[in-house]
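A closer look at the structure
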Amino acid sequence: MSEIPAPTTTLTLDEVNPASFDFWLRDDIHGAMARLRHERPIAWHQHPDSGRGFWSLTRFDDVAAASRDWETFSSAYGIQVMTDPEDAARIGIRSMISTDPPKHTKLRAIVNRGFTPRMVAKAEDSVRRRAREIVDAVAPRGEIEFVSEVSSVLPVAIICDMVGVPDADRPRLLDLTNRLLAGGDAEYGGTKESLVQAGHELRDYGLWLGRSRLEHPQEDIATTLVHAEMDGEALPPEDLGPFILLLIAAGNETTRNAISHGLWALTTFPDEKRRWLDDLEGHAATAAEEIVRWASPLLHMRRTLTRDVSFGGVEMRKGEKVAMWYVSANRDETHFEDPYRFDITREPNHQGGFGTGGPHFCLGAHLARREVVVMMRELLRRLPDIEATGKPEKLRSNFIHGIKRLPAAFKPV
Ligand code: HEM
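Quick caveat: nothing in here was measured; it's all calculated off a predicted structure.

**What about the pattern of salt bridges?**
One pass over the full model with this rule turns up 38 salt bridges. Linking Glu133 and Arg129 is a salt bridge whose minimum nitrogen-to-oxygen distance equals 3.4 Å. Taken together, the positions of Glu133 and Arg129, both in helix H5 (residues 117-138) and four residues apart, correspond to about one turn of that helix. Between Asp185 and Lys404 there is a salt bridge, with its nearest N and O atoms 3.2 Å apart. One end of the pair, Asp185, is in the loop between helix H8 (170-180) and helix H9 (192-215); the other, Lys404, is in strand S13 (residues 403-405), with 219 residues separating them in the sequence. The buried category is assigned to Asp185, whose relative accessible area is 5%. Where salt bridges share partners, they join Asp185, Glu187, Glu393, Lys404 and Arg405 into one cluster.

Quick look at the structure:
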(Lines give C-alpha, C1' and ligand atoms only; values in the text may rest on other atoms or scores of the structure.)
Protein backbone atom coordinates (compact mmCIF):
# COMPACT_ATOMS: atom_id res chain seq x y z
CA MET A 1 0.00 0.00 0.00
CA SER A 2 1.46 3.39 -0.91
CA GLU A 3 1.81 6.09 1.71
CA ILE A 4 -0.82 8.84 1.69
CA PRO A 5 1.02 12.14 1.11
CA ALA A 6 0.83 14.94 3.68
CA PRO A 7 -1.99 17.37 2.90
CA THR A 8 -1.06 20.86 1.73
CA THR A 9 -2.16 24.36 2.67
CA THR A 10 -2.45 27.65 0.83
CA LEU A 11 -1.26 29.48 3.97
CA THR A 12 2.33 30.69 4.29
CA LEU A 13 4.20 29.78 7.46
CA ASP A 14 3.54 33.20 9.01
CA GLU A 15 -0.16 33.00 8.16
CA VAL A 16 -0.68 29.73 10.03
CA ASN A 17 -2.17 30.71 13.38
CA PRO A 18 -3.93 27.99 15.35
CA ALA A 19 -4.94 30.58 17.95
CA SER A 20 -7.48 32.02 15.54
CA PHE A 21 -10.95 30.55 15.95
CA ASP A 22 -11.58 30.94 12.20
CA PHE A 23 -8.46 28.92 11.39
CA TRP A 24 -10.26 25.81 12.64
CA LEU A 25 -13.14 26.32 10.23
CA ARG A 26 -10.77 25.81 7.26
CA ASP A 27 -10.50 22.60 5.24
CA ASP A 28 -6.68 22.56 5.25
CA ILE A 29 -5.95 22.50 8.98
CA HIS A 30 -3.88 19.31 8.78
CA GLY A 31 -1.79 20.73 5.95
CA ALA A 32 -1.26 23.92 7.94
CA MET A 33 -0.30 22.07 11.13
CA ALA A 34 2.10 19.89 9.08
CA ARG A 35 3.74 23.08 7.79
CA LEU A 36 4.25 24.26 11.37
CA ARG A 37 5.52 20.88 12.50
CA HIS A 38 8.07 20.71 9.66
CA GLU A 39 9.15 24.33 9.40
CA ARG A 40 8.61 25.89 12.85
CA PRO A 41 7.76 23.12 15.34
CA ILE A 42 7.96 25.46 18.33
CA ALA A 43 6.28 28.69 17.29
CA TRP A 44 5.07 31.87 18.99
CA HIS A 45 1.47 32.79 18.17
CA GLN A 46 -0.59 35.82 18.97
CA HIS A 47 -4.21 35.24 19.92
CA PRO A 48 -6.18 37.47 17.53
CA ASP A 49 -9.51 37.05 19.30
CA SER A 50 -8.83 36.73 22.99
CA GLY A 51 -5.96 36.29 25.41
CA ARG A 52 -2.21 36.89 25.16
CA GLY A 53 0.28 35.18 22.86
CA PHE A 54 1.68 31.71 23.57
CA TRP A 55 4.10 29.00 22.42
CA SER A 56 2.74 26.28 20.15
CA LEU A 57 4.21 22.77 20.40
CA THR A 58 3.31 20.65 17.38
CA ARG A 59 5.63 17.60 17.52
CA PHE A 60 4.58 14.51 19.42
CA ASP A 61 7.84 14.27 21.38
CA ASP A 62 7.69 17.92 22.49
CA VAL A 63 4.07 17.58 23.59
CA ALA A 64 4.96 14.42 25.51
CA ALA A 65 7.99 16.05 27.19
CA ALA A 66 5.96 19.09 28.31
CA SER A 67 3.10 16.90 29.59
CA ARG A 68 5.46 14.94 31.81
CA ASP A 69 7.38 17.93 33.17
CA TRP A 70 4.52 19.33 35.26
CA GLU A 71 6.89 21.25 37.53
CA THR A 72 7.90 23.49 34.62
CA PHE A 73 4.71 23.25 32.53
CA SER A 74 2.06 23.95 35.14
CA SER A 75 -1.67 23.30 34.81
CA ALA A 76 -2.55 25.62 37.67
CA TYR A 77 -3.18 28.77 35.59
CA GLY A 78 -5.76 27.57 33.09
CA ILE A 79 -6.04 24.91 30.40
CA GLN A 80 -6.90 26.69 27.14
CA VAL A 81 -5.14 29.45 25.21
CA MET A 82 -8.29 31.56 25.09
CA THR A 83 -7.73 32.52 28.73
CA ASP A 84 -4.74 34.07 30.50
CA PRO A 85 -3.22 33.16 33.89
CA GLU A 86 -4.99 36.08 35.63
CA ASP A 87 -8.36 34.85 34.28
CA ALA A 88 -7.94 31.69 36.34
CA ALA A 89 -8.10 33.80 39.51
CA ARG A 90 -11.03 35.84 38.16
CA ILE A 91 -12.99 32.76 37.12
CA GLY A 92 -12.31 31.32 40.56
CA ILE A 93 -13.07 27.75 39.55
CA ARG A 94 -10.19 25.40 40.29
CA SER A 95 -10.95 21.83 39.42
CA MET A 96 -8.44 18.98 39.49
CA ILE A 97 -7.46 19.55 35.85
CA SER A 98 -6.20 23.02 36.80
CA THR A 99 -4.03 21.96 39.74
CA ASP A 100 -0.52 20.55 40.03
CA PRO A 101 0.80 17.87 42.39
CA PRO A 102 0.68 17.49 45.36
CA LYS A 103 -2.90 18.85 45.46
CA HIS A 104 -3.68 17.20 42.12
CA THR A 105 -2.49 13.81 43.41
CA LYS A 106 -4.84 14.02 46.40
CA LEU A 107 -7.84 15.12 44.31
CA ARG A 108 -7.24 12.43 41.72
CA ALA A 109 -7.05 9.77 44.44
CA ILE A 110 -10.48 10.90 45.62
CA VAL A 111 -12.16 10.74 42.24
CA ASN A 112 -10.49 7.41 41.47
CA ARG A 113 -12.70 6.01 44.20
CA GLY A 114 -15.70 6.94 42.06
CA PHE A 115 -14.26 4.99 39.15
CA THR A 116 -14.18 1.65 40.98
CA PRO A 117 -14.48 -1.53 38.88
CA ARG A 118 -18.04 -1.82 40.19
CA MET A 119 -18.97 1.70 39.00
CA VAL A 120 -17.32 1.15 35.64
CA ALA A 121 -19.07 -2.22 35.19
CA LYS A 122 -22.36 -0.53 35.98
CA ALA A 123 -21.54 2.16 33.43
CA GLU A 124 -20.74 -0.50 30.81
CA ASP A 125 -24.21 -1.94 31.17
CA SER A 126 -25.78 1.46 30.74
CA VAL A 127 -23.54 2.26 27.72
CA ARG A 128 -24.90 -0.86 25.96
CA ARG A 129 -28.50 -0.16 26.94
CA ARG A 130 -28.35 3.53 25.97
CA ALA A 131 -26.64 2.79 22.63
CA ARG A 132 -29.42 0.31 21.78
CA GLU A 133 -32.09 2.86 22.71
CA ILE A 134 -30.44 5.56 20.59
CA VAL A 135 -30.40 3.30 17.51
CA ASP A 136 -33.97 2.10 18.24
CA ALA A 137 -35.14 5.71 18.16
CA VAL A 138 -33.55 6.64 14.82
CA ALA A 139 -33.67 3.29 12.93
CA PRO A 140 -37.11 3.77 11.31
CA ARG A 141 -36.29 7.28 10.10
CA GLY A 142 -33.62 6.90 7.40
CA GLU A 143 -32.46 10.52 7.61
CA ILE A 144 -31.17 12.13 10.79
CA GLU A 145 -29.05 14.91 12.24
CA PHE A 146 -26.34 12.68 13.66
CA VAL A 147 -24.94 14.94 16.41
CA SER A 148 -28.16 15.84 18.19
CA GLU A 149 -29.79 12.44 17.68
CA VAL A 150 -26.87 10.06 18.18
CA SER A 151 -23.39 11.22 19.12
CA SER A 152 -24.27 13.84 21.74
CA VAL A 153 -26.93 11.69 23.41
CA LEU A 154 -24.76 8.84 24.71
CA PRO A 155 -21.92 10.66 26.56
CA VAL A 156 -24.17 13.06 28.47
CA ALA A 157 -26.45 10.20 29.51
CA ILE A 158 -23.57 8.04 30.72
CA ILE A 159 -21.65 10.67 32.68
CA CYS A 160 -24.87 12.03 34.23
CA ASP A 161 -25.89 8.47 35.23
CA MET A 162 -22.50 7.96 36.85
CA VAL A 163 -22.35 11.30 38.62
CA GLY A 164 -26.00 11.10 39.67
CA VAL A 165 -27.54 14.04 37.79
CA PRO A 166 -31.36 13.81 37.72
CA ASP A 167 -32.87 13.36 34.22
CA ALA A 168 -34.71 16.69 34.29
CA ASP A 169 -31.46 18.67 34.73
CA ARG A 170 -29.56 17.10 31.83
CA PRO A 171 -30.62 19.37 28.95
CA ARG A 172 -29.57 22.39 31.00
CA LEU A 173 -26.21 20.85 31.82
CA LEU A 174 -25.63 19.95 28.17
CA ASP A 175 -26.31 23.59 27.28
CA LEU A 176 -23.94 24.81 30.02
CA THR A 177 -21.05 22.54 29.02
CA ASN A 178 -21.56 23.63 25.40
CA ARG A 179 -21.23 27.24 26.51
CA LEU A 180 -18.29 26.52 28.81
CA LEU A 181 -16.28 25.01 25.98
CA ALA A 182 -17.70 26.84 22.94
CA GLY A 183 -14.52 28.80 22.25
CA GLY A 184 -15.50 31.60 19.89
CA ASP A 185 -18.72 30.12 18.54
CA ALA A 186 -21.51 32.69 18.81
CA GLU A 187 -24.18 29.96 18.76
CA TYR A 188 -23.14 29.11 22.34
CA GLY A 189 -22.16 32.53 23.59
CA GLY A 190 -18.62 32.51 22.31
CA THR A 191 -17.02 35.09 24.61
CA LYS A 192 -14.84 34.86 27.70
CA GLU A 193 -17.74 36.33 29.70
CA SER A 194 -20.25 33.67 28.59
CA LEU A 195 -17.65 30.99 29.36
CA VAL A 196 -17.14 32.38 32.89
CA GLN A 197 -20.90 32.61 33.47
CA ALA A 198 -21.45 29.00 32.35
CA GLY A 199 -18.59 27.89 34.61
CA HIS A 200 -20.16 29.57 37.62
CA GLU A 201 -23.57 28.04 36.93
CA LEU A 202 -22.06 24.58 36.56
CA ARG A 203 -20.03 24.95 39.74
CA ASP A 204 -23.13 26.05 41.67
CA TYR A 205 -25.06 23.12 40.25
CA GLY A 206 -22.29 20.78 41.41
CA LEU A 207 -22.46 22.27 44.90
CA TRP A 208 -26.23 21.86 45.02
CA LEU A 209 -25.99 18.25 43.87
CA GLY A 210 -23.31 17.53 46.46
CA ARG A 211 -25.36 18.99 49.28
CA SER A 212 -28.42 17.02 48.26
CA ARG A 213 -26.30 13.82 48.34
CA LEU A 214 -25.15 14.63 51.86
CA GLU A 215 -28.79 14.43 52.95
CA HIS A 216 -29.83 11.60 50.62
CA PRO A 217 -26.84 9.39 49.71
CA GLN A 218 -27.12 7.31 46.52
CA GLU A 219 -24.79 4.93 44.73
CA ASP A 220 -23.15 7.55 42.50
CA ILE A 221 -20.00 9.63 42.17
CA ALA A 222 -21.56 12.75 43.69
CA THR A 223 -22.19 10.77 46.89
CA THR A 224 -18.62 9.38 46.85
CA LEU A 225 -17.26 12.91 46.51
CA VAL A 226 -19.25 14.47 49.34
CA HIS A 227 -18.18 11.71 51.67
CA ALA A 228 -14.54 11.93 50.59
CA GLU A 229 -11.83 13.40 52.75
CA MET A 230 -8.67 15.29 51.91
CA ASP A 231 -5.99 15.50 54.60
CA GLY A 232 -8.46 14.02 57.08
CA GLU A 233 -11.14 16.64 56.37
CA ALA A 234 -14.23 16.57 54.18
CA LEU A 235 -13.67 17.82 50.64
CA PRO A 236 -14.27 21.57 50.91
CA PRO A 237 -17.25 23.05 49.02
CA GLU A 238 -14.92 25.13 46.81
CA ASP A 239 -13.46 21.86 45.47
CA LEU A 240 -16.71 19.93 45.22
CA GLY A 241 -18.59 22.10 42.69
CA PRO A 242 -15.66 22.31 40.25
CA PHE A 243 -15.09 18.57 40.56
CA ILE A 244 -18.59 17.76 39.40
CA LEU A 245 -18.33 20.45 36.72
CA LEU A 246 -15.11 18.86 35.39
CA LEU A 247 -16.54 15.36 35.21
CA ILE A 248 -19.66 16.47 33.39
CA ALA A 249 -17.84 18.76 30.94
CA ALA A 250 -14.97 16.35 30.26
CA GLY A 251 -17.27 13.37 29.89
CA ASN A 252 -19.62 15.18 27.60
CA GLU A 253 -17.81 17.44 25.17
CA THR A 254 -15.11 15.05 23.99
CA THR A 255 -16.58 11.59 23.34
CA ARG A 256 -19.44 13.10 21.34
CA ASN A 257 -16.95 14.55 18.85
CA ALA A 258 -15.00 11.30 18.63
CA ILE A 259 -18.23 9.54 17.55
CA SER A 260 -19.15 12.29 15.05
CA HIS A 261 -15.65 12.35 13.52
CA GLY A 262 -15.83 8.55 13.49
CA LEU A 263 -18.89 8.55 11.21
CA TRP A 264 -17.30 11.18 8.97
CA ALA A 265 -14.07 9.14 8.71
CA LEU A 266 -15.97 5.96 7.85
CA THR A 267 -17.88 7.90 5.17
CA THR A 268 -14.75 9.34 3.60
CA PHE A 269 -12.84 6.02 3.84
CA PRO A 270 -15.48 3.48 2.70
CA ASP A 271 -12.89 0.70 2.36
CA GLU A 272 -12.13 1.00 6.07
CA LYS A 273 -15.83 0.83 6.83
CA ARG A 274 -16.14 -2.36 4.76
CA ARG A 275 -13.16 -3.88 6.58
CA TRP A 276 -14.77 -3.11 9.93
CA LEU A 277 -18.13 -4.51 8.80
CA ASP A 278 -16.35 -7.75 7.86
CA ASP A 279 -15.24 -8.23 11.47
CA LEU A 280 -17.13 -5.86 13.75
CA GLU A 281 -15.99 -7.46 16.98
CA GLY A 282 -12.40 -8.20 16.00
CA HIS A 283 -11.58 -4.66 14.82
CA ALA A 284 -13.54 -2.74 17.47
CA ALA A 285 -10.70 -1.91 19.87
CA THR A 286 -8.16 -0.78 17.25
CA ALA A 287 -10.84 1.08 15.30
CA ALA A 288 -11.90 3.06 18.38
CA GLU A 289 -8.28 4.01 19.13
CA GLU A 290 -7.81 5.12 15.53
CA ILE A 291 -11.00 7.18 15.69
CA VAL A 292 -9.67 9.04 18.74
CA ARG A 293 -6.31 9.66 16.99
CA TRP A 294 -8.05 10.79 13.81
CA ALA A 295 -10.55 13.01 15.65
CA SER A 296 -8.27 14.47 18.35
CA PRO A 297 -11.42 15.74 20.11
CA LEU A 298 -9.35 18.11 22.23
CA LEU A 299 -7.22 20.19 19.88
CA HIS A 300 -4.88 21.32 22.63
CA MET A 301 -4.28 21.61 26.34
CA ARG A 302 -2.51 24.64 27.69
CA ARG A 303 0.24 24.86 30.31
CA THR A 304 1.96 27.90 31.90
CA LEU A 305 5.71 28.15 32.55
CA THR A 306 6.75 28.28 36.19
CA ARG A 307 10.35 29.26 35.32
CA ASP A 308 12.54 30.42 32.45
CA VAL A 309 13.49 27.39 30.40
CA SER A 310 15.36 26.46 27.23
CA PHE A 311 13.08 23.99 25.44
CA GLY A 312 13.93 22.49 22.05
CA GLY A 313 16.48 25.26 21.52
CA VAL A 314 13.92 28.00 22.23
CA GLU A 315 14.19 30.35 25.21
CA MET A 316 10.87 30.53 27.05
CA ARG A 317 10.05 32.84 29.96
CA LYS A 318 8.30 32.26 33.26
CA GLY A 319 4.58 33.09 33.00
CA GLU A 320 4.30 32.40 29.26
CA LYS A 321 1.56 30.12 28.01
CA VAL A 322 2.28 26.93 26.06
CA ALA A 323 -0.22 25.06 23.86
CA MET A 324 0.29 21.34 23.28
CA TRP A 325 -1.44 20.64 19.94
CA TYR A 326 -2.62 17.04 20.17
CA VAL A 327 -4.24 17.38 16.75
CA SER A 328 -0.78 17.87 15.25
CA ALA A 329 1.05 15.39 17.48
CA ASN A 330 -1.45 12.75 16.34
CA ARG A 331 -0.36 13.22 12.69
CA ASP A 332 3.38 13.44 13.45
CA GLU A 333 5.16 11.35 10.82
CA THR A 334 8.09 10.65 13.16
CA HIS A 335 5.71 8.93 15.56
CA PHE A 336 3.10 7.31 13.26
CA GLU A 337 3.67 5.33 10.12
CA ASP A 338 1.59 6.69 7.25
CA PRO A 339 -0.19 9.15 9.58
CA TYR A 340 -2.71 10.42 7.02
CA ARG A 341 -4.11 6.96 6.46
CA PHE A 342 -7.22 6.27 8.53
CA ASP A 343 -6.49 2.66 9.41
CA ILE A 344 -8.92 0.82 11.66
CA THR A 345 -6.34 -1.91 12.32
CA ARG A 346 -3.44 0.46 13.15
CA GLU A 347 -1.09 -1.23 15.59
CA PRO A 348 0.80 -0.06 17.52
CA ASN A 349 -1.22 3.12 17.96
CA HIS A 350 0.27 5.18 20.78
CA GLN A 351 -1.98 8.11 20.01
CA GLY A 352 -2.08 11.22 22.17
CA GLY A 353 -5.79 12.11 22.02
CA PHE A 354 -6.22 11.36 25.73
CA GLY A 355 -3.00 13.18 26.58
CA THR A 356 0.59 12.08 26.15
CA GLY A 357 1.39 10.92 29.70
CA GLY A 358 2.01 12.84 32.89
CA PRO A 359 -0.30 13.34 35.87
CA HIS A 360 -3.34 14.65 33.96
CA PHE A 361 -3.71 11.76 31.50
CA CYS A 362 -7.44 11.44 30.80
CA LEU A 363 -9.25 9.90 33.74
CA GLY A 364 -12.13 8.79 31.50
CA ALA A 365 -10.05 7.18 28.72
CA HIS A 366 -11.30 3.68 29.45
CA LEU A 367 -14.91 4.81 29.64
CA ALA A 368 -14.58 6.89 26.46
CA ARG A 369 -13.11 3.96 24.53
CA ARG A 370 -16.04 1.80 25.62
CA GLU A 371 -18.54 4.44 24.54
CA VAL A 372 -16.95 4.77 21.09
CA VAL A 373 -16.71 0.99 20.61
CA VAL A 374 -20.25 0.24 21.75
CA MET A 375 -21.92 3.13 19.88
CA MET A 376 -20.12 2.56 16.57
CA ARG A 377 -20.63 -1.21 16.74
CA GLU A 378 -24.33 -0.83 17.46
CA LEU A 379 -24.70 1.60 14.54
CA LEU A 380 -22.78 -0.56 12.07
CA ARG A 381 -24.51 -3.77 13.14
CA ARG A 382 -28.01 -2.41 12.75
CA LEU A 383 -27.60 0.34 10.14
CA PRO A 384 -24.66 -0.97 8.08
CA ASP A 385 -25.16 1.51 5.22
CA ILE A 386 -25.21 4.58 7.50
CA GLU A 387 -23.12 7.45 6.14
CA ALA A 388 -22.80 11.21 6.40
CA THR A 389 -24.63 12.96 3.57
CA GLY A 390 -23.03 16.40 3.94
CA LYS A 391 -19.87 17.95 5.36
CA PRO A 392 -19.57 18.42 9.13
CA GLU A 393 -20.60 21.83 10.41
CA LYS A 394 -17.64 22.75 12.58
CA LEU A 395 -17.53 24.43 15.97
CA ARG A 396 -15.64 27.75 15.91
CA SER A 397 -13.17 26.78 18.61
CA ASN A 398 -9.43 26.36 19.03
CA PHE A 399 -9.90 24.00 21.98
CA ILE A 400 -12.63 21.49 21.15
CA HIS A 401 -12.46 19.81 17.74
CA GLY A 402 -16.20 20.05 17.56
CA ILE A 403 -18.81 19.08 15.00
CA LYS A 404 -22.08 20.91 15.60
CA ARG A 405 -24.16 19.16 12.97
CA LEU A 406 -23.70 16.24 10.59
CA PRO A 407 -26.52 15.03 8.32
CA ALA A 408 -26.64 11.24 7.96
CA ALA A 409 -28.77 8.71 6.07
CA PHE A 410 -29.33 4.94 5.96
CA LYS A 411 -31.94 2.43 4.84
CA PRO A 412 -34.72 2.64 7.45
CA VAL A 413 -35.31 -0.50 9.46
C1 HEM B 1 -12.73 10.60 23.41
C2 HEM B 1 -13.01 11.18 24.56
C3 HEM B 1 -12.03 11.91 25.42
C4 HEM B 1 -10.89 12.57 25.08
C5 HEM B 1 -10.28 12.74 23.69
C6 HEM B 1 -10.32 13.11 26.31
C7 HEM B 1 -9.13 13.81 26.36
C8 HEM B 1 -8.56 14.29 27.53
C9 HEM B 1 -7.32 15.04 27.59
C10 HEM B 1 -6.46 15.42 26.39
C11 HEM B 1 -7.08 15.35 28.90
C12 HEM B 1 -5.92 16.18 29.46
C13 HEM B 1 -4.62 15.45 29.46
C14 HEM B 1 -3.48 16.31 29.95
O15 HEM B 1 -3.67 17.49 30.27
O16 HEM B 1 -2.35 15.79 30.05
C17 HEM B 1 -8.18 14.80 29.66
C18 HEM B 1 -8.32 14.91 31.03
C19 HEM B 1 -9.43 14.49 31.72
N20 HEM B 1 -10.51 13.74 31.22
FE21 HEM B 1 -10.76 13.15 29.31
N22 HEM B 1 -11.14 12.78 27.35
C23 HEM B 1 -12.20 12.05 26.86
C24 HEM B 1 -13.24 11.51 27.59
C25 HEM B 1 -13.41 11.65 28.94
C26 HEM B 1 -14.51 11.10 29.70
C27 HEM B 1 -15.64 10.24 29.15
C28 HEM B 1 -14.35 11.50 30.98
C29 HEM B 1 -15.29 11.13 32.09
C30 HEM B 1 -15.10 11.12 33.29
C31 HEM B 1 -13.13 12.28 31.05
C32 HEM B 1 -12.59 12.87 32.18
C33 HEM B 1 -11.40 13.54 32.24
C34 HEM B 1 -10.89 14.15 33.46
C35 HEM B 1 -11.57 14.15 34.83
C36 HEM B 1 -9.65 14.74 33.13
C37 HEM B 1 -8.70 15.49 34.06
C38 HEM B 1 -7.69 14.54 34.61
C39 HEM B 1 -6.69 15.18 35.53
O40 HEM B 1 -6.58 16.41 35.57
O41 HEM B 1 -6.02 14.44 36.27
N42 HEM B 1 -12.59 12.36 29.79
N43 HEM B 1 -9.06 14.15 28.80
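**Brief notes about the nonpolar core**
In terms of nonpolar packing, the biggest core is built from 104 residues, with Phe146, Trp276 and Met316 touching the most fellow members. Residues Leu13, Met33, Ala43 and Trp325 belong to the second largest nonpolar core, which totals 17 residues.

**So, the packing of H5 against helix H7 (residues 153-163)**
Look at H5 against H7: their axes get within 10 Å of each other, and the N-to-C directions meet at 145°. With respect to the hand of their crossing, H5 and H7 are arranged in right-handed fashion. For the pair formed by H5 and H7, the contact residues are Met119, Ala123, Ser126, Val127, Arg130, Ala131 and Ile134 on the first element and Val153, Leu154, Ala157, Ile158, Asp161 and Met162 on the second. Counted by class, the contact of H5 with H7 contains ten nonpolar, one polar and two charged residues.

**Description of the sheet that holds strand S10 (residues 321-325)**
The five strands lie next to each other as S1-S2-S10-S7-S3, forming an open sheet whose pairing is mixed. Taken across any chain shown, the strands that pair with only one partner, and hence form the sheet edges, are strand S1 (42-45) and strand S3 (73-74). Pairing analysis gives four bridges linking strand S2 (residues 54-57) to S10, with the strands arranged parallel. Its bridge partner lying in S10, Trp55 is registered against Val322. Seen against the sheet, helix H2 (residues 60-68) touches S1, S2, S3, strand S7 (300-305) and S10 and runs at an angle of roughly 125° to S10.

Rules used in this analysis
- Residues numbered from 1 in each chain as written.
- Predicted model: local features only at pLDDT ≥ 70, side-chain atom pairs only at ≥ 80, totals over all residues.
- Heavy atoms only, no water.
- Salt bridge = Lys/Arg side-chain N within 4 Å of Asp/Glu carboxyl O.
- Helix = DSSP H or I, 4+ residues; strand = E, 2+ residues; numbered from the N terminus.
- Buried < 20%, exposed > 50% of the residue type's maximum accessible area, 1.4 Å probe, protein only.
- Core = buried A, V, L, I, M, F, W, Y, C linked by side-chain atoms within 4.5 Å.
- Axes fitted to C-alpha atoms, helices over the stretch in contact; angles between N-to-C directions.
- Left-handed = near helix turned anticlockwise from the far one by under 90°.
- Contact = heavy atoms within 4.5 Å.
- Nonpolar A, V, L, I, M, F, W, Y, C, P; charged D, E, K, R; others polar.
- Pairing = 2+ DSSP bridges.

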